[in-house]
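Below are the chains, spelled out letter by letter.
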Amino acid sequence: MTTILDRLDIQGNILLPYGRSSYPLARHFIFHVRDQEEAQKFLSWIQPQITTAQFFPSKRSDQMQIPADQLRKDTPDALLNIAFTASGLKALGVPNSVLRQFPDAFLDGMWDRAEMLNDNRLDWNNAWKDDQHEQTTHLMISLRVAFNSCLKKVCLRRGESFSKSDYHCQETFKLARSMMIENLDQESRRLLDQAELHRLVALTGHSSADPESKWLECESLFRSRLQDLAISGISDDQYLADLDNQKKSRYVASSAELTDLRYSEYEHFGFFDGIGDPVFDGQYPAAFQAEMAQGQGHLSCGQWRPIAPGEFLLGYPNEAQETTCHPMPYTFSKNGTFMAVRKLEQNVTAFHNALVNQTPLMEHWLDQVECSSSSEQPSAASQFTKALKVLRAKLVGRWDDGTPLVHAPTYESWLSFRVRLLTLAGEAQKGGPSAKEAWKQFKTKFTRFTFESDDTKGRRCPFAAHIRRSNPRDSGDPSVRNDSDPSETSQASSLLVNRRRILRRGMTYGSPSELMNENPIDHDSSISADSERGTFFVAICADLARQFEFMQQQWLNYGSDFNLGNDICPIAGALHPSVASDRKSTKVMISSEGPDGSCTLPFVAKPTPQPVVCRGGAYFFVPSLSAIRLLAENRF
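Since the model is a prediction, treat every value here as computed from it, not as a measurement. (Residues numbered from 1 in each chain as written. Predicted model: local features only at pLDDT ≥ 70, side-chain atom pairs only at ≥ 80, totals over all residues. Heavy atoms only, no water.)

1. A look at the confidence of the model for the protein chain
- Chain-level pLDDT for the protein chain is 85 on average; 84% of the residues reach the 70-or-more range.
- This model gives residues 229-236 a pLDDT under 50, and the stretch forms 13 contacts once residues within four places in sequence are excluded.
- Contacts from residues 249-262, a stretch scored under 50 in pLDDT, to residues over four places away or in other chains number 40 contacts. (pLDDT = per-residue confidence, 0-100. Contact = heavy atoms within 4.5 Å.)

2. Considerations on the pairing of strand β10 (residues 337-346)
- Most of β10 sits inside the fold, with 10 of its 10 residues counted as buried.
- Neither face of β10 is exposed, since Thr337, Met339, Val341, Lys343 and Glu345 on one face and Phe338, Ala340, Arg342, Leu344 and Gln346 on the opposite face are all buried.
- Bridge count for β10 against strand β16 (residues 612-622) is nine bridges, and the pairing is antiparallel. What sits directly across from Phe338, in β16, is Phe621.
- Across eight bridges, the pairing between β10 and strand β13 (residues 534-541) is antiparallel. Looking at the pairing, Lys343 lines up with Phe536 of β13. (Buried < 20%, exposed > 50% of the residue type's maximum accessible area, 1.4 Å probe, protein only. Helix = DSSP H or I, 4+ residues; strand = E, 2+ residues; numbered from the N terminus. Pairing = 2+ DSSP bridges.)

3. Some remarks on the nonpolar core
- Core analysis: the largest hydrophobic core is formed by 163 residues, its most contacted members being Leu89, Trp128, Phe332 and Phe548.
- With residues up to four places along the chain from it excluded, the contact list for Trp128 reads Ile30, Trp111, Met140, His206, Val341, Phe536, Arg615, Gly616, Gly617, Ala618 and Phe620. (Core = buried A, V, L, I, M, F, W, Y, C linked by side-chain atoms within 4.5 Å.)

4. Quick word on empty space enclosed by the protein
- For the coordinates displayed, the defined rule picks out two cavities of 30 Å³ or more.
- Considered as a void within the structure, the largest cavity measures approximately 130 Å³ in volume.
- Residues that form the lining of the largest cavity fall into these classes: seven nonpolar, four polar and two charged.
- Space inside the second largest cavity adds up to approximately 40 Å³.
- Around the second largest cavity sit Gly295, Gly297, Trp304, Asn471, Arg473, Ser494, Val497, Asn498 and Arg501, which together line it.
- Broken down by class, the residue content of the lining of the second largest cavity amounts to two nonpolar, five polar and two charged. (1 Å grid on protein atoms, 1.4 Å probe; cavity = no way out; pocket = protein on both sides within 12 Å on 5 of 7 lines; lining within 4 Å. Points joined across faces, edges and corners; volume = space filled by probe spheres on them. Nonpolar A, V, L, I, M, F, W, Y, C, P; charged D, E, K, R; others polar.)

Here you go:
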C-alpha cells in the first residue's frame, strides 16, 4: 500500500530536486539570532512564503495525473526553504527537554564532528566557523528563482513562441539569465531587510574571493547530454558536421535533433550529476514510483521497489520497520528531516593535470589489452582523447554523460550505447507506443544495474570507482559475498546499503573551468590558474550518523570495506588532516578482460590525492510547516 504524504506540511526541497525543475540559480544565506522574540516574528513573516512539496503544474505532472490537492495552482517565480541548527532551535526557545531528544550528531553539529569526517577546520570559510559566539550558525535560508518564466517573457517580447530550442540561442539565453538575476537580487534584498529588521545577523565570509558577501550563490551547469558525443578540442563547426554525419548514418533516425536529449546538470569536473537519487514510497504517484524505483530503490531477489519513507522523513517507518528519532511533541518532528550541508571546493586544475599526465600510460595500456580488428589507424589526438575519457570514466564509474560502466565498459561500447540512445530517441519522436516504450526502457539503463550480479570482479567498474563506493547497491550486503554458494548471488539485495542512502540536493558554485573546453592534448599541465569553484553539497536523510556520516567516513574515506586498504575515494574521499600534508597518494586499480575472458595486467591510476576540500558546513533540522508555526508561536 502506497504511503500518502502530507505534501502541504513537508518542505519542497525534501521531495523535489529544484535544479532539475527550472530553478537553476540559488542563494544560500546563514543567519545568527540575536533576539528570540524578534526571530519568532521573522518566522511568522516568512512562514507563508516557504515552498511546500506540492507538485508544480507541468507536462510531467500531467503525465503523472497528480491529484488536485497535491498540485499547485501555478508555477512559483521564487522558492524559499528554511532549516535550523541545534543551537538555532535553542536560540528560538526550544526547551532542553525537547532538544535532548534529538540525536547526538545533530546536537554536536558538523563543526564539532569535523575531525571524524577528516575535515580540516583550518580550511573552513569564516561563515561556517562555529568557534565564536557571535558567529554561530542558527538558521539557513535558501532562495531560488525560476528561469523558464524569464525565458518565456523574453520570447514573448520578441513576438516569438517559446520552445526548448530557445536554450540554444545564446542571445535569448543571456537576456533571460539577466532577468533571472534581477529577480533574485530583488528577493534577496527583501529577505535581508526583514532579517535586519528582526535582528538576525547575516553571516559573511562564504568565500575567500568576497569576504563581505552575505550569501553563497550557486548555479546549475547545464549542457545537452548529446554534446558528450563530441570529441574534445574540435571546433563547433566540426562538431556540428560530425553530428550531421551521425544523423545521416543508418544508425541514427533522421528525426533525431539536438533537442532530443534534455539539458542536464554537470559538476565542475565535467561529469553528469544527480543520477541515481533514491526513490522512496510516497514521493511520487504509485503508478510512477514503481517505474522510477528501478535501480534507485530497494533491491530484493532481483526486484526493485521504493525505499521506506522513514529513511528520509521523520515520523514514518524506515527500512527496519522502526520510526527514526521523533522528538516530542510529535507535531514538531513529523514530516521533518535532517540535512548535512557541505561547501566542497573542487581543484579542477589539479584533477585535470593528474589525469592528462597519466593519459600516455593509459594509451599504452589500452593498446596492450585491446585487440582492434579495424584496418583504419586512428589519429594521435583521438587516441589521446579516448584514453583520457577511459581514465576519467574508470575513476567515477560512469562516462561523462552518465552512462554506467557496467553497461558500457569500453570506449567503443560507450559510443554504441549513445548511438542506440539517439536512435531510439528519434524513433520515439515519430510516435508509436512501442517506440516510446523502447526509448523509456533504454533510459532506465542509466540507473538500472547492479555490481555484485553484473560485475563481480570489478572488470567493468573498478571497486574504487566513486559510484561503487558511494552507493554499493547489491554489493554492500556481506551475505551476498559467498563464493561457495553462487545461488546467493541470484538473491542479491541491498538491505544494508539502503539504510545508508541519502537524497542529494546540491548545486555548483563558481564559474566553469575553461579546461573543460580546451583540447587536452595541447594542455600545458605546468599552468595552474584555478579560481574558487565547487559543489554546495546537500544530503537529506533521517539519521545523520547512520546515513551521511557512515557513507563519508566508512565508504569514501576508508577503503577496507572494499578490500582497498587505506585508499580513499578518488573523487570525494578526504585524507585525515594529520596525513594530508604528506601528499599521500591514493590509487585506482583498473582491470580489463582479455578476449578469452582472462584478466589482464591491471593499470594503476594515481589521481590527485584529494581534489575536493571541505570549506565548511553544518547539520540542520528541516522542520515541517507545522513545526515552523510552533517555533514562531513559541508553543512548547
